[in-house]
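Single-letter residue listing:
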Amino acid sequence: MTTKLIHHPYRPPAGFDAPQVGVYKASTVLFPDVAAMRARDWRHRSGYTYGLHGTPTTFTLEERIATLEGGTHCVLVPSGLAAIALVNMALLKAGDELLLPDNVYGPSRELARRELAAWGITHKLYDPMDLASLAAAIGPATKLVWLEAPGSVTMEFPDLPALVAVCRERGVTTALDNTWGAGLAFCGFDLGIDVVMQALTKYPSGGGDVLMGSVVTRDAELADRIHMTHGRLGQGVGANDAEAMLRSLPSLSLRYHAADAAGRELAAWCATRSEFRRVLHPALPGAPGHEHWKSTCRAAAGLFSVVVDPRFSGAQVDRFVDALQLFGIGFSWAGPMSLVVPYDMKQMRAKPAYDGTVVRFSIGLEEVADLKADLEQALAALAG
Ligand SMILES: *Cc1c(COP(=O)(O)O)cnc(C)c1O
């Protein structure tokens with residue numbers, strides 16, 4: 001019986017079609033004969049060779065993410081951080097140097113400090129708000145410059161076209177962490193950036209339940225290097241996660257713009273409160289890099305930070321965060337639930353730009369009036 005069940009002759013009729021692609025799950029795929037097996041080439045995605053190298057489900061998601069970013073080639077990895085690691089591993093070797101903005105996503109810097117350093121790849125930090133700082137940091141060994149817009153937690157929006165121009169003049173490859181822009185706020189490739197990664201974990205998923213990353217290029221040679229390294233590292237994503245992502249993509253733009261509108265309204269409200277010394281939201285006039293945001297972006301994510309007035313202690317800020325009822329205390333962002341994290345700037349940056357605690361809010365899909373009321377009641381706990 002077992003043999004009969006495994007080698008069952010039934011084949012469903014061909015030609016099934018539905019609005020969404022099927023969930024193809026396979027650790028391996030079958031070839032009609034040895035000649036077909038020998039002829040199959042995983043490099044060009046013209047067929048199927050092995051589960052890790054792609055299925056109709058993952059190929060479809062790759063094509064849609066490439067379109068979202070305005071690129072042509074995409075590979076998928078199990079997290080946003082894995083996408084950052086893949087770019088570094090595909091494009092750098094011992095003796096090379098990479099440059100990171102000083103407000104880079106924290107774990108990206110930790111990877112440079114630990115593994116990349118151990119493999120003989122050095123790194124330097126540059127100030128993304130100062131073109132001269134990038135120009136001075138680029139040396140003969142510099143092979144890759146990471147860009148992030150806006151910066152992590154402190155939300156400075158850099159002059160991306162000018163930073164890219166500095167790199168291009170010197171023939172240095174650029175890679176963008178486009179998680180905040182989500183492929184909707186601006187197109188990295190139109191600004192001349194070579195490689196664009198995104199934590200699909202955030203807006204493309206939007207559910208707070210799936211981890212995934214993407215690396216997209218518009219250049220066939222770069223795409224090939226990244227694709228080959230991806231294959232050799234054994235990176236891939238599960239079919240159920242790919243399906244969840246495919247299901248979320250059609251509502252990506254609606255969710256992004258809803259979070260943007262809510263985020264701007266709450267950021268503007270926070271700017272009226274004396275408890276906050278500054279509101280760091282790139283779409284807010286007066287915020288660091290606002291002019292660059294305005295000239296580069298069509299939209300903003302639902303993400304902003306506040307600098308709490310230094311008259312309040314760290315313990316008081318913790319009480320404020322604990323008093324919030326609708327904001328979950330958690331890292332990550334872009335899910336349906338609003339989230340909050342307090343950051344001690346002195347532990348985060350070599351040169352902290354602000355005194356006092358910075359609190360980062362990710363605005364979810366709750367009603368804005370409810371979130372405002374929650375912030376208001378929690379602010380009473382801050383003063384108390
Ligand atoms: C979350 C995030 C990442 C990492 O994504 P994971 O899927 O959580 O590994 C990378 N960059 C930025 C800017 C992020 O916000």
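Conventions adopted
Residue numbers here run from 1 along each chain, matching the order of that chain's written sequence. Note on the predicted model: pLDDT of at least 70 is required for a residue's local features to be given, and 80 or more for side-chain atom pairs to be given and counted; whole-chain, interface and lining totals, by contrast, use all residues. Calculation of side-chain values draws on the structure's entire complement of heavy atoms; hydrogens and water are dropped beforehand. In this text, helices come from DSSP runs of H or I with a minimum length of four residues, and strands from runs of E with a minimum of two, each type numbered from the N-terminal end. In this treatment the radius of gyration is a C-alpha quantity, and the globule benchmark scales as 2.2 Å times the residue count to the 0.38 power. Each residue gets one of three labels from its accessible area relative to the maximum for its type: buried under 20%, exposed over 50%, partly exposed in between, using a 1.4 Å probe on protein chains only. Here the accessible surface of atoms and residues is derived via Shrake-Rupley with a 1.4 Å probe, and residues count as covered only by protein chains that are part of the display. When charges are tallied, Lys and Arg are placed among the positive residues and Asp and Glu among the negative ones, while His and the ends of the chain are skipped. In this description, the location of a charge corresponds to atom NZ of lysine, CZ of arginine, CG of aspartate or CD of glutamate. Under the pairing criterion, centres of Phe, Tyr and Trp rings, with the six-membered ring standing for Trp, must be within 6.5 Å; the plane angle then separates stacked pairs below 30 degrees from edge-to-face pairs above 60, leaving the rest tilted. Definition used in this section: a nonpolar core is a set of buried Ala, Val, Leu, Ile, Met, Phe, Trp, Tyr and Cys residues joined via side-chain atoms within 4.5 Å. Contacts: residue pairs with any heavy atoms within 4.5 Å of one another. UniProt positions are given in the numbering used here, feature names are shortened, and annotations may be inferred rather than shown by experiment. Here a polar contact is recorded for every N or O atom pair within 3.5 Å, except that within protein the pair must consist of a potential hydrogen donor and a potential acceptor, and residues adjacent in sequence are included only if both atoms are side-chain atoms. Here, proximity means that at least one heavy atom of the residue falls within 4 Å of the molecule or strand. We call Asp, Glu, Lys and Arg charged. Ala, Val, Leu, Ile, Met, Phe, Trp, Tyr, Cys and Pro are nonpolar, and the rest, Gly among them, are polar.

**Student:** Go over the overall build of the protein chain, please, and point to the residues and values.
**Tutor:** Summing up its helical and strand segments, the protein chain has 14 helices and 12 strands in all. Taken against the 2.2 N^0.38 rule, which gives 21 Å for 384 residues, the C-alpha radius of gyration of the protein chain at 23 Å falls within 12% of a compact globule. For the protein chain, the C-alpha atoms occupy an extent of roughly 75 × 50 × 35 Å along the three principal directions. When burial is assessed residue by residue, the protein chain has 53% of its 384 residues classed as buried. Accessible surface, the protein chain: about 17600 Å² in total, of which carbon and sulfur atoms supply 55%. Of the side-chain charges in the protein chain, 35 are positive and 40 negative, and the distance between the mean point of each set is 4 Å.

**Student:** Tell me what's going on with the packing of aromatic side chains, and back it up with residues and numbers.
**Tutor:** This structure, assessed with the given rule, holds nine aromatic pairs. Arranged with centres 6.3 Å apart and planes meeting at 80 degrees, the rings of F157 and F186 form a pair that is edge-to-face. With F157 in the loop between β4 (142–148) and α7 (160–169) and F186 in the loop between β5 (173–177) and β6 (195–199), this pair connects stretches of sequence that are 29 residues apart. Ring centres of F327 and F361 lie 5.4 Å apart, and the angle between their planes is 65 degrees; on these two criteria the pair is classed as edge-to-face. Here the residue F327 occupies a position in the loop between α12 (314–323) and β10 (328–329), and F361 occupies one in strand β12 (residues 357–362), the gap between them amounting to 34 residues. Here a set of aromatic residues connected by ring pairs shows up, and it is made of F276, F304, F320, F327 and F361.

**Student:** Go over the nonpolar core, please, and point to the residues and values.
**Tutor:** Counting 62 residues, the largest nonpolar core has L61, L134, L147, W180, F186, Y203 and Y256 as its most contacted members. The biggest single contributor to this core is α7, with five residues. Sequence-distant contacts of L61, that is, excluding residues within four places in its chain, are made with L76, M212, A242, M245, L246 and L249. Counting 29 residues, the second largest nonpolar core, distinct from the first, contains V317, F320, V321 and A378.

**Student:** An account of the UniProt feature "modified residue: N6-(pyridoxal phosphate)lysine" (unreviewed entry) in the protein chain is requested, with residue identities and associated values reported.
**Tutor:** Here, UniProt's "modified residue: N6-(pyridoxal phosphate)lysine" (unreviewed entry) annotation points to K202. When you line up the elements, K202 lands in the loop between β6 and β7 (213–217). When its relative accessible area of 9% is taken as the criterion, K202 is described as buried.

**Student:** Now, about the side chain of T179: what can you tell me, with residues and values included?
**Tutor:** Relative to the elements of secondary structure, T179 occurs in the loop between β5 and β6. Accessibility expressed as a relative area gives 6% for T179, which makes it buried. Among the polar contacts listed, one links the side chain of T179 to the backbone nitrogen of A199, at a separation of 3.0 Å. Every residue in contact with T179, bar those within four places of it in the chain, is listed here: M197, Q198, A199, K202, Y203 and W333.

**Student:** Give me the lowdown on the site of the ligand, citing residues and values where you can.
**Tutor:** In the vicinity of the ligand, 13 residues are found, and the nearest of them are G80, L81, D177, T201 and K202. Between an oxygen atom of the ligand and a main-chain N or O atom of G80, the distance comes to 2.7 Å. A total of 380 Å² of accessible area belongs to the ligand in isolation, and the protein chains cover 88% of it. For the shell around the ligand, the element with the highest residue contribution is helix α4 (residues 80–91), accounting for three residues. When the residues that make up the shell around the ligand are grouped by side-chain class, the tally is six nonpolar, four polar and three charged.

**Student:** Explain helix α9 (residues 239–248) to me, and be specific about the residues and the numbers.
**Tutor:** Among the residues making up α9, those that are buried are A239, A242, M245, L246 and S248. For α9, the secondary structure elements touched by its buried residues are α3 (56–69) and α10 (252–271).

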